[in-house]
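Examining the three-dimensional arrangement
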Amino acid sequence: MDLTRRAALMTSAAIAANVIDPFKAFAQQTPRKGGVFVVHYGAEQRQLNPSLQASTGVYIISGKIMEPLVDLDAAGNPVGVLATSWESTPDGKTITFKLRQGVTWHDGRPFTSADVQFTAMEMWKKILNYGSTLQLFLTAVDTPDPHTAIFRYERPMPLNLLLRALPDLGYISPRHLYEDKGDIRQNPVNLAPVGTGPFKFVSYERGQHIIAERHDGYWRGPAHLDRIVWRVITDRAAAAAQMEAGQMHYSPFSGLTISDMARLGKDPRFVVSTKGNEGNARTNTLEFNFRRKELADIKVRQAIAHAINVPFFIENFLGDFAKLGTGPIPSVSTDFYPGANTPQFPYDKAKAIRLLDEAGLRPGAGGTRLTLRLLPAPWGEDISLWATFIQQSLGEVGIRVEIVRTDGGGFLKSVYADHAFDLATGWHQYRNDPAVSTTVWYRSGQPVGAPWTNQWGVTDATLDKIIDDAATEVDAAKRKALYGDFVRRANGELMIWMPIEQIFVTVITARARNHSNTPRWGSSSWHDLWLAE
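Bear in mind the structure is a predicted one, so any value in this text is a computation, not a measurement.

This part takes up the overall build of the protein. A count of helices and strands for the protein gives 15 helices and 22 strands. For a compact globule of 533 residues, the expected C-alpha radius of gyration is about 24 Å, and the protein comes in at 23 Å, within 12% of that figure. Taking the principal axes of the C-alpha coordinates as reference, the protein spans close to 70 × 55 × 40 Å. Relative to its full complement of 533 residues, the protein shows a buried share of 60%. Excluding contacts between residues fewer than 6 apart, the proportion of contacts in the protein whose partners are at least 24 apart in sequence is 73%.

Moving on, we come to the domain arrangement of the protein. One can read the domain layout of the protein as domain 1 (66-187), domain 2 (197-276 + 505-531) and domain 3 (281-503). Each of domain 1 and domain 2 was reduced to a C-alpha centroid, and the two centroids are 27 Å apart. Taken residue by residue, the interface counts 14 residues in domain 1 and 14 residues in domain 2. In total, domain 1 and domain 2 occlude about 1,100 Å² of area from one another, counting both sides; carbon and sulfur atoms represent 50% of this. Counting across the interface, domain 1 meets domain 2 through 3 salt bridges. Across the salt bridge formed by Asp168 and Arg520, the nearest N and O atoms sit 2.7 Å from each other. Where domain 1 touches domain 2, the interface holds 8 residue pairs in polar contact (both at pLDDT 80 or more). Taken together, the elements giving at least two residues each to the side of domain 1 that touches domain 2 come down to strand E2 (70-72) and helix H5 (159-169). By residue class, the composition of the side of domain 1 that touches domain 2 is 7 nonpolar, 2 polar and 5 charged.

With that settled, the discussion passes to the packing of aromatic side chains. Summed over the entire model, instances satisfying the criterion amount to 30 aromatic pairs. For the pair Trp386 and Phe389, a centre-to-centre distance of 6.5 Å together with 20° between the ring planes defines the contact as stacked. Here Phe389 and Trp386 lie together in helix H11 (residues 381-395), a separation of 3 residues that amounts to about one turn. Looking at Phe389, the relative accessible area reads 7%, which means it is buried. Connected via pairs of aromatic rings, a cluster forms that spans Trp379, Phe411, Tyr416, Phe421, Trp441, Trp452 and Trp456. Lying across the ring of Trp526, Lys64 places its NZ or CZ 4.0 Å from the centre. Taking NZ or CZ as reference, Arg520 lies 5.5 Å from the ring centre of Tyr59, over its face.

With 6 bridges connecting them, strand E8 (residues 199-205) and strand E9 (residues 209-214) associate as antiparallel partners. Bridging across to E9, Phe201 finds its partner in Ala212. Between the end of E8 and the start of E9, which pair antiparallel, lie 3 residues, with Gly207 showing a positive phi angle near 80°.

Turning next to helix H15 (residues 476-493). The end-to-end C-alpha distance of H15, which contains 18 residues, comes to 26 Å, matching closely the 26 Å that a straight helix rising 1.5 Å per residue would cover. Within the span of H15, buried status applies to Arg479, Leu482, Tyr483, Gly484, Phe486, Val487, Ala490 and Asn491. The inward-facing, buried residues of H15 abut H5, helix H13 (434-437) and helix H14 (461-471). Looking at where H15 begins, the residue whose side-chain oxygen comes 3.1 Å from the main-chain nitrogen of Ala477 is Asp475. Leu494, located one to two residues past H15, shows a positive phi value of around 50°.

Quick look at the pattern of salt bridges now. Applying the stated criterion to the full structure yields 31 salt bridges. Across the salt bridge formed by Arg479 and Asp433, the nearest N and O atoms sit 3.0 Å from each other. With Arg479 in helix H15 and Asp433 in the loop between strand E18 (427-430) and H13, this pair connects stretches of sequence that are 46 residues apart. On the accessibility criterion, Asp433 (2% relative accessible area) is buried. Several salt bridges converge on common partners, so that one network encompasses Asp71, Asp168, Arg431 and Arg520.

Attention shifts here to the UniProt feature "domain: Solute-binding protein family" (unreviewed entry) in the protein. Per the UniProt record, "domain: Solute-binding protein family" (unreviewed entry) is annotated on residues 78-444. From the first C-alpha to the last, residues 78-444 spans 29 Å; its make-up is 28% helix and 23% strand.

Moving on, we come to the packing of H14 against H15. H15 packs onto H14 with a crossing angle of 160° between their chain directions and a minimal axis gap of 9 Å. Put simply, H14 runs roughly antiparallel to H15. The handedness of the crossing between H14 and H15 is left-handed. Contact with H14, carried on its side by Thr462, Leu463, Ile466, Ile467, Asp469, Ala470 and Ala471, involves Arg479, Leu482, Tyr483, Asp485, Phe486, Arg489 and Ala490 of H15 and no other residues of that element. Residues belonging to the contact of H14 with H15 are distributed by class as follows: 9 nonpolar, 1 polar and 4 charged.

Attention shifts here to the environment of Gln186. Within the secondary structure, Gln186 is located in the loop between H5 and E8. Take Gln186: its relative accessible area is 61%, and that puts it in the exposed class. Measuring from C-alpha to C-alpha, the distance between Gln186 and Gln47 comes to 9.9 Å, with 139 residues separating the pair along the chain.

To continue, consider the sheet that holds strand E7 (residues 148-153). With antiparallel pairing, 4 strands are arranged side by side in an open sheet as E4-E5-E7-E6. Two strands in the sheet have a free side with no partner beyond their single neighbour: strand E4 (83-88) and strand E6 (138-145). Each neighbouring strand pair of the sheet contributes to a mean axis angle of 20°, computed without reference to strand direction. By the bridge criterion, 5 bridges tie strand E5 (residues 94-99) to E7 in an arrangement that is antiparallel. When the sheet's bridge partners are listed, Ile95 is paired in E7 with Phe151. Against the sheet, helix H3 (residues 113-124) engages E5, E6 and E7, with an angle of about 170° to E6. Strands in contact with H5 are E4, E5 and E7; relative to E5, the strand with the most contacts, it is inclined by about 45°.

A positive phi angle, close to 60°, is found at Arg46, a residue other than glycine. Within the fold, Arg46 resides in the loop between strand E1 (36-41) and helix H2 (56-62). A residue is classified by how much of its surface remains accessible, and Arg46, at 36% relative accessible area, is partly exposed. Even without glycine at this site, Asp180 takes up a positive phi of about 60°.

The rules we used
Residues numbered from 1 in each chain as written. Predicted model: local features only at pLDDT ≥ 70, side-chain atom pairs only at ≥ 80, totals over all residues. Heavy atoms only, no water. Helix = DSSP H or I, 4+ residues; strand = E, 2+ residues; numbered from the N terminus. Rg over C-alpha atoms; globule rule 2.2 N^0.38 Å. Buried < 20%, exposed > 50% of the residue type's maximum accessible area, 1.4 Å probe, protein only. Contact = heavy atoms within 4.5 Å. Domains from an automatic or database assignment. Buried area = accessible area lost by both parts, 1.4 Å probe. Salt bridge = Lys/Arg side-chain N within 4 Å of Asp/Glu carboxyl O. Polar contact = N/O pair within 3.5 Å; in protein donor to acceptor, adjacent residues only side chain to side chain. Nonpolar A, V, L, I, M, F, W, Y, C, P; charged D, E, K, R; others polar. Phe/Tyr/Trp six-rings, centres within 6.5 Å; stacked < 30°, edge-to-face > 60°. Lys NZ or Arg CZ within 6 Å of the ring centre and 35° of its normal. Pairing = 2+ DSSP bridges. Expected span 1.5 Å × (residues − 1). UniProt positions renumbered as here; feature names shortened; annotations may be inferred. Axes fitted to C-alpha atoms, helices over the stretch in contact; angles between N-to-C directions. Parallel < 35°, antiparallel > 145°, perpendicular 65-115°, else oblique. Left-handed = near helix turned anticlockwise from the far one by under 90°.

Structural data, given as structure tokens:
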């Protein structure tokens, strides 16, 4: 690790200075038609259908091609996209959506309630990571006419929860391209998506680029940009160089190195900010594979946590844009954060050693007690630094860690499909409500291969019940109390460890207009984005 404490702190301070008023220069102007917007795409996931894989790495592309029923407006409130209105019955078991009329798929077929019914029942409920838990009690979607979809639930679905979830977990796929076409997961449309959005898919050259062009028949009217090109660049320094050379306009989701983000933050040609990412708070994770008998012992998991000095790592490597995390619900969640008075694992090397001794893991040859394989996700520099810090920290208590680095697709397959890991680390993204993309990391019964779900080889019936009760409780105060129970149980059992909170950083050309204007802008449609001269 060559990033010094001084450099790290200067980095975060520089970014913070830019965040104070990064949009001062954005006086409204007349939108300019045309132009190609080039985006940094750091880690391919071998999936472009957001109805099947919930991930910012998918939305950053397909969120411009496909659309959800609902998105978030500038204030973070639900706003209709393919849905125009919604209502729930008092018992929370029936939710009716009225759908937008006059919308067509990019191949010319009409968008109807049949597409919603098929996507919800066959994709969200059965395959979509996060969706399979959110829609666990969905029993049917009725379609009394082409523009009405009635969702029916076995247990109550809080309307506010569903509306908060749908911006990420509510993308609609075209039924006519999937039904009776074999395995949905293997359908070639997943890598050549057909949607209703402002841009239509053109081509995907793996390892090179993805291209989409303006769809002139878009229901809101044609977008301003001619094309969007997502350029695959895994080398963060090379991506920064392309931005400086004017060859690329946008690097999303903390895609550059911390030092490059600081440097570009001082350059008036760029905006460097956390704005537009408020809807995707993230925590750094440490995931345990319980199939490894040593890791099934809670004393070993506790020892690993106690062996890592998280405050030191934050201060020396992440700076002001990270803080100590206290569990799966981050402190930015004003509706559900239960406070810090839950089981925690502060740095205590002596206690870590004692716990390992009690678990029967005595030092062997060379002082090694145990050897573990750690797979870090390739999404951000902080994950790589965190993996190295874990390796060094655990080495000091006799646990030898072998770091296995892969590309994005390889990481997802190894961890969530093949379960070929001992430890893994990446990001958990919190999306406004624990039931959207958080409890699924703990709820048992997830489909094998569903990324960012409980694939740890462990079931906790008590935790499952708390999760199900909270997700179906319509009383807001009772829901919050149940999520307090959830965090206390989750932290106490240490199924996963989430000790660091962060917000993503965006680097974008100062020529861009109408950017970062919603809490999930990087994932949204960019129908109004344009480039000034």
